[in-house]
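Survey of secondary and tertiary structure
Next come the chains, spelled out residue by residue.
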Amino acid sequence: MNDKLFITTFTDPMMGLSYESMPTFRKLETHFGDKIVFNTKMAGLVKNVYDLVDYNDLKLYGKKVALNKYKAKLAEIYLQEERIAHLPIIMNNFRLFDEEHTSSLPLNRPIRLLNY
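For every chain, the first residue of the written sequence is number 1, and numbering continues from 1 along that sequence. Confidence filtering applies because this is a predicted model: local features only for residues at pLDDT of at least 70, side-chain atom pairs given and counted only at 80 or more, and all residues used for totals across whole chains, interfaces and linings. Each side-chain value is worked out from all heavy atoms of the structure, with water and hydrogens disregarded.

Quick look at the overall build of the protein
Helix and strand definitions follow DSSP, with helices as H or I runs of at least four residues and strands as E runs of at least two, each counted in order from the N terminus. Across its full length, the protein carries four helices and two strands. The contact definition used throughout considers only heavy atoms, calling two residues in contact when any of these lie within 4.5 Å. Contacts in the protein between residues at least 24 apart in sequence constitute 70% of all its contacts with a sequence separation of at least 6. To be clear on the numbers: accessible area is Shrake-Rupley with a 1.4 Å probe, and residue cover counts the displayed protein chains and nothing else. Surface exposure of the protein reaches about 8500 Å², of which carbon and sulfur atoms provide 56%.

See below:
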């Protein structure tokens, strides 16, 4: 009989809640040890970042400006999540999207959830 608990997290590199849940997962891992198996399934939260930028910025100023303005807003959101999770989110040299990389899908590489 298998007495292990399997926890699967569906996530994306763009999902702030993934980072916010880490302290809880760490507590579970510490308390239950090898009785829990963590799995991560990656999703595609952002298929095309241009679906999320301000349409007026895109129309008036073009892709680069619209994308830079969106990334600035996104950085503000992540910094607010940092206060919620009490985990550092470093926004220096923020290179999540650019004009050639418009999706979070390439970022979805298999990782062990609690492997820092």
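A few points about the nonpolar core
One recurring pattern in soluble globular proteins: nonpolar side chains tend to sit buried together. Grouped together as the largest cluster of nonpolar side chains are 13 residues, with contacts concentrated most on Met14, Val49, Val53, Leu67, Tyr70, Leu74 and Phe97. The contacts of Val49, once residues within four sequence positions are left out, are Leu67, Tyr70, Phe97 and Thr102. Among buried residues, the Ala, Val, Leu, Ile, Met, Phe, Trp, Tyr and Cys ones that are joined through side-chain atoms within 4.5 Å form a nonpolar core. Per-residue accessibility, obtained with a 1.4 Å probe over protein chains only, is compared with the maximum for each type, and a residue is labelled buried under 20%, exposed over 50%, and partly exposed between these values.

Quick look at the pattern of salt bridges
In the sections that follow, a salt bridge refers to a side-chain nitrogen of Lys or Arg positioned within 4 Å of a carboxyl oxygen of Asp or Glu. Considering all chains together, one arrives at two salt bridges under this definition. Put simply, Glu29 and Arg26 hold a salt bridge, and the shortest N to O gap is 2.3 Å. Separated by three residues within a single helix, Glu29 and Arg26 lie in helix α2 (residues 22-32), roughly one turn from each other. What makes Arg26 partly exposed here is its relative accessible area of 28%.

So, a nonpolar patch on the surface
There is a patch of nonpolar side chains on the surface, built from Leu60, Tyr61 and Val65 and spanning about 320 Å² of accessible area. Looking at the secondary structure, you find Tyr61 in helix α3 (residues 55-61). Exposure above 30% relative accessible area and no salt bridge define the residues that can form patches, which grow by joining like charges within 9 Å and nonpolar side chains of Val, Leu, Ile, Met, Phe, Trp and Tyr within 5 Å.

Regarding the confidence of the model for the protein
Values of pLDDT, the confidence the predictor places in each residue, fall between 0 and 100. Looking at the protein, pLDDT values average 81 and 85% of them are 70 or higher. Put simply, helix α1 (residues 16-20) is where the protein has its lowest mean pLDDT, 75, and α3 is where it has its highest, 96. Segment residues 110-116 is flagged for pLDDT under 50; beyond a separation of four residues in sequence, or across chains, it makes 15 contacts in the model.

Let's talk about the packing of aromatic side chains
Ring pairs are drawn from Phe, Tyr and Trp, using the six-membered ring of Trp, whenever the two centres fall within 6.5 Å, and their geometry is named by plane angle: stacked under 30 degrees, edge-to-face over 60, tilted for the rest. Inspection of every chain in the model, using the stated rule, returns one aromatic pair. Consider the rings of Phe25 and Phe38, whose centres lie 5.6 Å apart with planes at 55°: the pair is tilted. You can see Phe25 sitting in helix α2 and its partner Phe38 sitting in strand β2 (residues 36-42), a full 13 residues away along the chain. Exposure class is identical for Phe25 and Phe38. Each is buried. Whether a charge lies above a ring is judged from NZ of Lys or CZ of Arg, which has to be within 6 Å of the ring centre and within 35 degrees of the ring normal. Cation over ring: Lys63 sits above Tyr50, and NZ or CZ is 5.2 Å from the ring centre.

Things to note about helix α4 (residues 63-85)
The span one expects for a helix is its residue count, reduced by one, times 1.5 Å. For α4, spanning 23 residues, the distance from its first C-alpha to its last is 32 Å, which sits close to the expected 33 Å at 1.5 Å a residue. The inward-facing, buried residues of α4 abut α1, α2 and α3. At the exit of α4 stands His86, carrying a positive phi of roughly 60°.

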